[in-house]
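An overview of the molecular structure
Read off the chains here:
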Amino acid sequence: MLTPGAKTITWGAPGLLGMPWAEYLLWWFNATLWPLQFHRVAAATSFFGFLLAFLAMLHFRDRTDPPSKNTGTG
């Protein structure tokens, strides 16, 4: 993988920066960070679109009046 990392993650280290500055820069400027972030945004957006389409399908199926059920094929 192209993602670099530190040997250990010091979650409980005191201070603002718990790791050396060079390791933070390696994490920020690695080759996979930005494509992965854009992929996550696209996945979250498409999942939200899927949920909206699913709710629209449920709303359509719940309709009982004939004009709403007319799909033009009958």
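Predicted model only: the values in this text are computed from it and were never measured.

**A closer look at the overall build of the chain**
- The secondary structure content of the chain amounts to 3 helices and 0 strands.
- Sequence-ordered secondary structure for the chain, helices as α and strands as β, is α-α-α.
- Considering the chain as a whole, with its 74 residues, one finds that 4% of them fall into the buried category.

**Some points on the pattern of salt bridges**
- Enumeration over the complete set of coordinates arrives at 1 salt bridge.
- Between Arg63 and Asp65 there is a salt bridge whose closest N-O contact spans 3.6 Å.
- We classify Arg63 as partly exposed; its relative accessible area is 34%.

**Quick word on the packing of aromatic side chains**
- Within this structure, the stated rule accounts for 2 aromatic pairs.
- Seen in terms of ring centroids, Phe50 and Phe54 are 6.4 Å apart; in terms of plane orientation they differ by 20 degrees. Their pairing is stacked. Residue Phe50 and its partner Phe54 are located together in helix H2 (residues 33–62), separated by 4 residues, close to a single helical turn.
- Taken together, Phe47, Phe50 and Phe54 form an aromatic cluster joined through their ring pairs.

Reading the values: rules and limits
Residues numbered from 1 in each chain as written. Predicted model: local features only at pLDDT ≥ 70, side-chain atom pairs only at ≥ 80, totals over all residues. Heavy atoms only, no water. Helix = DSSP H or I, 4+ residues; strand = E, 2+ residues; numbered from the N terminus. Buried < 20%, exposed > 50% of the residue type's maximum accessible area, 1.4 Å probe, protein only. Salt bridge = Lys/Arg side-chain N within 4 Å of Asp/Glu carboxyl O. Phe/Tyr/Trp six-rings, centres within 6.5 Å; stacked < 30°, edge-to-face > 60°.

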